[in-house]
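Report on the structure
Listed below, chain by chain, are the residues.
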Amino acid sequence: MRTNAARAVDLLVVLALLTAATGAVAGCGSEKAGGHGARVGDDDPAPESEARARRVADAWDGSKAAETWRKGYYPVGETVQLPENAFRNGADKRAYGTRNFVLRGELPDTPQKDGKVKWESGGSLTLPLMGARKAYETVARGSNDGPHLTVTGAKLGEMTLATSRGPATVPAWLFTLEGYDTPLKRVALGPSKLPQAPVKPVGEVPTDELAPLGRLVEVAADGRSVTVMATHGACDDGPAVDVLETGGSVVLSASVAGTKDGPCTSELRVEEVTVTLDRPVGDRLLLDAFTGRPVPNEEDGPSPG
């Protein structure tokens, strides 16, 4: 028999693996839930959860940490862009879902030390350039005997992606894939270091009312909705994500709806949950109520700091 507390510990442990596993899990039946403060179930957010979200917002709004964050480079979209018309077949799609790649060619040396982020709204930022080998390894995480994609070479180019400061053009490694006319692009810069959070995490493990989020999936082009990965177990009604909006931040509070005591497997399920906002995100921070930190993107990992 597994209790809520035991399942909470399992959840926190597996969240450390969530970033690497998301691609595989999402390819096996992840779902999207919609609506303002999307929840599975009809319960209102708990008062404790609301109070925590407000404390997080108050700590960040107008803080030095928020000022530092707004000067940095933080992607809010995918840092990998697929070739045009990908994928040719189901096998290639499965290969990408499991990040199963094979390298059959030489990767070039890094031609320069630094690269520059250039925002469409103006302004730029110089950051260390990621080498082709490291960029390849962030994409090619799988290693199994199943379907695979073959990389035959790479060159340095550019790509445009969404960031916390709006669209930006950044250096990118363009990987040539066997069977494709256009490259797979991977940003050649890591995000800026996150500032020290002005508020502490809730605790070491999730509670019945609050749990840490997984990674940020995307911010809609119009900024009016945000999609994140949320987790739940096999004996509940699914994940729930509530939202608190202020002038300087958007605080997301994740929890699990309808948890039950009694016999239960330790299965962890991952779903995409989309929350609709009252107004576009703009330059407001996306914060996780549990950790008190910005919602991690795929490069930050589960507990950025």
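Residues numbered from 1 in each chain as written. Predicted model: local features only at pLDDT ≥ 70, side-chain atom pairs only at ≥ 80, totals over all residues. Heavy atoms only, no water.

The next point concerns the side chain of Ser63. Within the element layout of this structure, Ser63 appears in the loop between α3 (47–60) and α4 (64–70). Note on Ser63: relative accessible area 14%, which makes it buried. A polar side-chain atom of Ser63 sits 2.8 Å from the main-chain carbonyl oxygen of Trp60. (Helix = DSSP H or I, 4+ residues; strand = E, 2+ residues; numbered from the N terminus. Buried < 20%, exposed > 50% of the residue type's maximum accessible area, 1.4 Å probe, protein only. Polar contact = N/O pair within 3.5 Å; in protein donor to acceptor, adjacent residues only side chain to side chain.)

Core analysis: the largest hydrophobic core is formed by 33 residues, its most contacted members being Tyr73, Phe101, Val117, Val170, Phe175, Leu184 and Leu189. At the level of elements, α5 (90–97), β4 (114–119), α6 (132–139), β6 (149–163), β7 (166–177) and β8 (184–187) are the ones that each hand at least two residues to this core. For this core, the leading source of residues is β7, giving 7 residues. Beyond its immediate stretch of four places on either side in the chain, Leu184 contacts Val80, Gln81, Leu82, Pro83, Tyr96, Phe101, Val139, Trp173, Leu174, Phe175 and Leu177. (Core = buried A, V, L, I, M, F, W, Y, C linked by side-chain atoms within 4.5 Å. Contact = heavy atoms within 4.5 Å.)

Another aspect to go through is unusual backbone geometry. Note the cis peptide between Ala86 and Phe87, where omega equals 15 degrees. Note on placement: Phe87 falls in the loop between β2 (80–81) and α5. Of note, the phi angle at Asn85 is positive, near 60 degrees, even though the residue is not glycine. The residue Asn85 is located in the loop between β2 and α5 in this model.

Next up on the list: the packing of aromatic side chains. Enumeration over the complete set of coordinates arrives at 4 aromatic pairs. A ring pair is formed by Tyr96 and Phe101, whose centres lie 6.4 Å apart and whose planes are at 75 degrees; its orientation type is edge-to-face. Judged on exposure class, the residue Tyr96 and its partner Phe101 are both buried. Put simply, the rings of Phe87, Tyr96 and Phe101 touch in pairs and so form one group of aromatic residues. When the ring centre of Trp119 is taken as origin, the NZ or CZ atom of Arg165, which lies over that ring, is 3.7 Å away. (Phe/Tyr/Trp six-rings, centres within 6.5 Å; stacked < 30°, edge-to-face > 60°. Lys NZ or Arg CZ within 6 Å of the ring centre and 35° of its normal.)

Strands sit in the order β11-β12-β14-β15 across an open sheet of 4 strands; the sheet is mixed. This sheet does not close on itself; its edge strands, each paired only once, are β11 (238–245) and β15 (293–294). Across 4 bridges, the pairing between strand β12 (residues 249–257) and strand β14 (residues 285–288) is parallel. For Leu252, the partnering residue across the bridge sits in β14 and is Asp288. The sheet strands contacting α3 are β11, β12, β14 and β15, and the helix crosses β12 at an angle near 155 degrees. (Pairing = 2+ DSSP bridges. Axes fitted to C-alpha atoms, helices over the stretch in contact; angles between N-to-C directions.)

A word on the pairing of β14. By the alternation rule, side chains of β14 split into Leu285 and Leu287 and Leu286 and Asp288, which are all buried. Summarising the sheet, β14 and β15 pair through 2 bridges and their orientation is antiparallel. Its bridge partner being in β15, Leu287 is matched across the sheet by Pro294. If you look at the hairpin formed by β14 and β15, you'll find 4 residues sitting between the two strands, and Gly292 has a positive phi there, around 75 degrees.

Moving on: α3. Compared with an ideal rise of 1.5 Å per residue, which puts 14 residues at 20 Å, α3 spans 20 Å between its outermost C-alpha atoms and is within 8% of the ideal. Where α3 is concerned, the buried positions are Ser49, Arg52, Ala53, Val56, Ala57 and Trp60. Buried residues of α3, seen end-on, are gathered within an arc of 135 degrees and therefore sit on one face of the element. On its buried face, α3 sits against α4, β11, β12, β14 and β15. Downstream of α3 by a residue or two, Gly62 has a phi angle that is positive, lying close to 75 degrees. (Expected span 1.5 Å × (residues − 1). Arc of directions from axis to C-beta.)

Moving on, we come to the side chain of Ser225. Within the secondary structure, Ser225 sits in strand β10 (residues 225–232). Ignoring anything within four residues of it in the chain, the contact list for Ser225 reads Glu218, Val219, Ala220, Thr274, Val275 and Thr276.

Further remarks concern the pattern of salt bridges. Two side chains with opposite charge may pair up if their charged atoms get near one another. Following the criterion strictly, the structure yields 5 salt bridges and no others. Among the ionic pairs, Arg88 bridges to Asp92, the shortest N-O distance being 3.0 Å. A salt bridge links Lys118 to Glu158, with the nearest nitrogen and oxygen atoms 3.4 Å apart. Here Lys118 is found in strand β4, whereas its partner Glu158 is found in strand β6, with 40 residues between them in sequence. The class of Lys118 is partly exposed, set by a relative accessible area of 39%. We classify Glu158 as partly exposed; its relative accessible area is 46%. (Salt bridge = Lys/Arg side-chain N within 4 Å of Asp/Glu carboxyl O.)

Mapping Ser124 onto the fold places it in strand β5 (residues 124–128). Here the alpha-carbon distance between Ser124 and Lys71, two residues 53 residues apart in the chain, equals 9.7 Å. Each residue touching Ser124, except ones within four places of it in the same chain, is listed here: Lys116, Val117, Lys118 and Trp119.

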